[in-house]
Amino acid sequence: MPPGGRMPMAGLQVGPPGAPPYGAATPLRPGLPQAMMDPFRKRLLTPQAQPPMATPRRGVKRRKMADKVLPQRIRELVPESQAYMDLLAFERKLDQTIARKRMEIQEAIKKPLTQKRKLRIYISNTFTPAKEEGEGGERVASWELRVEGKLLEDPSKQKRKFSSFFKSLVIELDKELYGPDNHLVEWHRMPTTQETDGFQVKRPGDVNVKCTLLLMLDHQPPQYKLDPRLARLLGVHTQTRASIMQALWLYIKHNKLQDSHEKEFINCNRYFRQIFNCVRMRFSEIPMKLAGLLQHPDPIIINHTISVDPSDQKKTACYDIDVEVDDPLKAQMSNFLASTTNQQEIASLDAKIHETIESINQLKTQRDFMLSFSNNPQDFIQEWIKSQRRDLKIITDVIGNPEEERRAEFYQQPWAQEAVGRHIFAKVQQRRQELEQVLGIRLT
């Protein structure tokens with residue numbers, strides 16, 4: 001600034017009359033297009049790259065673990081902050097442990113988690129004698145059979161229905177008493193089946209009846225009975241398909257039946273040749289060959305006598321069978337994975353920590369600002385003005401240096417003559433294109 005000059009005040013126009021003020025958004029020299037002038041300015045002036053415009057991001061900024069770390073300078077100023085950093089390191093280890101455990105639980109839930117329990121089946125019957133003609137009631141004697149049951153020592157609050165344990169139930173009565181068409185009572189599970197606590201069968205009769213109950217358990221996942229030859233070989237009688245495949249693979253691996261050169265083939269030993277009827281087979285063929293060796297599991301068979309003797313007090317029979325029920329731990333693990341209460345509380349605490357760290361960083365910036373000013377006010381003010389000028393230049397999108405362009409010496413540099421020639425040539429070409437469009441001809 002020349003001696004005696006004054007600093008331009010904000011809001012006042014600075015520059016020659018009728019011309020745009022210096023520092024305005026159009027720092028173009030009259031007569032030269034923007035595309036023509038920019039290359040020269042970039043060549044002569046010190047380039048100042050503009051920062052890329054930040055594109056708006058959807059949603060709230062995702063906070064990271066690093067945002068909660070205190071800067072080293074603050075830790076040096078406040079030694080007590082090391083306790084916070086130790087807690088942060090412990091939190092990181094705890095988060096890693098919880099994430100690993102959650103993954104282990106997710107993998108465990110995919111597998112069937114069951115435990116064996118005792119299901120006690122109660123089979124009882126009542127007898128109704130025939131009434132004489134003068135008395136009310138049924139004139140034909142009849143009996144009623146009841147099949148009920150419950151789990152022993154069931155800790156779950158929600159009791160499971162008796163029918164939910166079975167896929168089908170068949171009661172076979174004496175064929176000689178009830179004929180070939182009326183001696184079977186069948187119940188099979190359907191998609192629309194309503195679960196019940198028991199089954200009742202009522203038939204006419206006044207003599208003891210021998211019956212057979214066939215109960216087919218509803219295994220989840222489904223279980224299959226192996227062919228006797230393969231069952232003896234693998235030591236597996238009735239299991240799920242996955243368990244049977246695993247036992248088969250262990251047998252192949254233990255007996256080294258896998259081909260050493262072609263790994264996808266199995267060389268059958270004498271037992272496999274008898275069972276699968278082949279000398280060599282691929283791994284991919286095992287499921288298809290195994291399907292013919294799987295059968296439905298054997299039903300539970302209970303023989304019972306329906307007594308119609310009034311003096312017989314032992315009309316209720318009890319049978320205990322092993323059933324598989326869902327492990328209560330599975331429900332707890334599912335609830336743990338689905339629970340969001342703790343996660344919401346942790347998220348709110350994390351947000352408070354991030355806000356506190358941001359406040360600390362802002363206070364640190366203010367402290368550095370005031371400390372720099374107190375150490376050397378003159379240099380601080382000069383640097384601050386330079387910084388503000390750079391910011392103003394970026395905000396107003398100014399290219400070049402308006403302060404230099406307002407002086408005559410700027411236009412007396414060697415590049416000015418070439419710029420004028422290029423400008424005139426560009427104007428001639430623009431005028432020529434306009435004439436060609438108006439006249440509809442191409443000038444040569």
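Residues numbered from 1 in each chain as written. Predicted model: local features only at pLDDT ≥ 70, side-chain atom pairs only at ≥ 80, totals over all residues. Heavy atoms only, no water.

### Digging into the side chain of Lys-364
Topologically, Lys-364 is positioned in helix 10 (residues 341-375). The contacts of Lys-364, once residues within four sequence positions are left out, are Arg-73, Ile-74 and Leu-77. (Helix = DSSP H or I, 4+ residues; strand = E, 2+ residues; numbered from the N terminus. Contact = heavy atoms within 4.5 Å.)

### Concerning the sheet that holds strand 13 (residues 317-326)
Sheet architecture is open: four strands sit in the order 5-2-1-13, paired in antiparallel fashion. Each edge of the sheet is formed by a strand with only one pairing partner; in this case those strands are strand 5 (198-204) and strand 13. Mean inter-strand twist for the sheet, computed between neighbouring axes without regard to direction, equals 20°. (Pairing = 2+ DSSP bridges. Axes fitted to C-alpha atoms, helices over the stretch in contact; angles between N-to-C directions.)

### Things to note about the pattern of salt bridges
The full count for this structure, using the stated rule, is 18 salt bridges. For Asp-350, the salt bridge identified is with Lys-68, shortest N-O distance 3.2 Å. Note that Asp-350 is positioned in helix 10 and Lys-68 in the loop between helix 1 (34-44) and helix 2 (72-77), a separation of 282 residues in sequence. Here Glu-436 and Arg-432 are joined by a salt bridge, their closest N and O atoms 3.8 Å apart. Taken together, the positions of Glu-436 and Arg-432, both in helix 13 (residues 415-439) and four residues apart, correspond to about one turn of that helix. (Salt bridge = Lys/Arg side-chain N within 4 Å of Asp/Glu carboxyl O.)

### With respect to the packing of helix 3 (residues 82-110) against helix 9 (residues 328-338)
In the contact formed by helix 3 and helix 9, the axes pass within 10 Å of each other and the chain directions differ by 135°. With respect to each other, helix 3 and helix 9 are oriented oblique. Note that helix 3 runs across helix 9; the crossing there is left-handed. Note on element contacts: helix 9 touches helix 3 through Lys-330, Met-333, Ser-334, Phe-336 and Leu-337, opposite Arg-102, Ile-105, Gln-106 and Ile-109. Here the residues of the contact of helix 3 with helix 9 sort into five nonpolar, two polar and two charged. (Parallel < 35°, antiparallel > 145°, perpendicular 65-115°, else oblique. Left-handed = near helix turned anticlockwise from the far one by under 90°. Nonpolar A, V, L, I, M, F, W, Y, C, P; charged D, E, K, R; others polar.)

### Looking at the nonpolar core
In this structure, Ile-121, Trp-143, Phe-166 and Ile-171 are the most contacted members of the largest nonpolar core, which totals 30 residues. Elements supplying a minimum of two residues to this core: strand 1 (114-128), strand 2 (142-151), strand 3 (166-172), strand 4 (184-188), strand 5, strand 6 (209-217), strand 12 (300-306) and strand 13. Of the residues forming this core, the biggest block, five residues, is contributed by strand 6. Apart from residues no more than four positions distant in its own chain, Trp-143 is found in contact with Thr-126, Phe-127, Leu-173, Tyr-178, Val-201, Lys-202, Arg-203, Pro-204, Gly-205, Val-209, Ile-306 and Val-308. (Core = buried A, V, L, I, M, F, W, Y, C linked by side-chain atoms within 4.5 Å. Buried < 20%, exposed > 50% of the residue type's maximum accessible area, 1.4 Å probe, protein only.)

### Considering the environment of Met-245
Within the element layout of this structure, Met-245 appears in helix 6 (residues 241-254). Its relative accessible area of 30% is what places Met-245 among the partly exposed residues.

### Focus: the confidence of the model for the protein
In this model, the protein carries an average pLDDT of 80, and 83% of its residues clear a pLDDT of 70 or more. When the criterion is pLDDT under 50, residues 1-60 qualifies, and its contacts beyond four places in sequence or with other chains add up to 56 contacts. (pLDDT = per-residue confidence, 0-100.)

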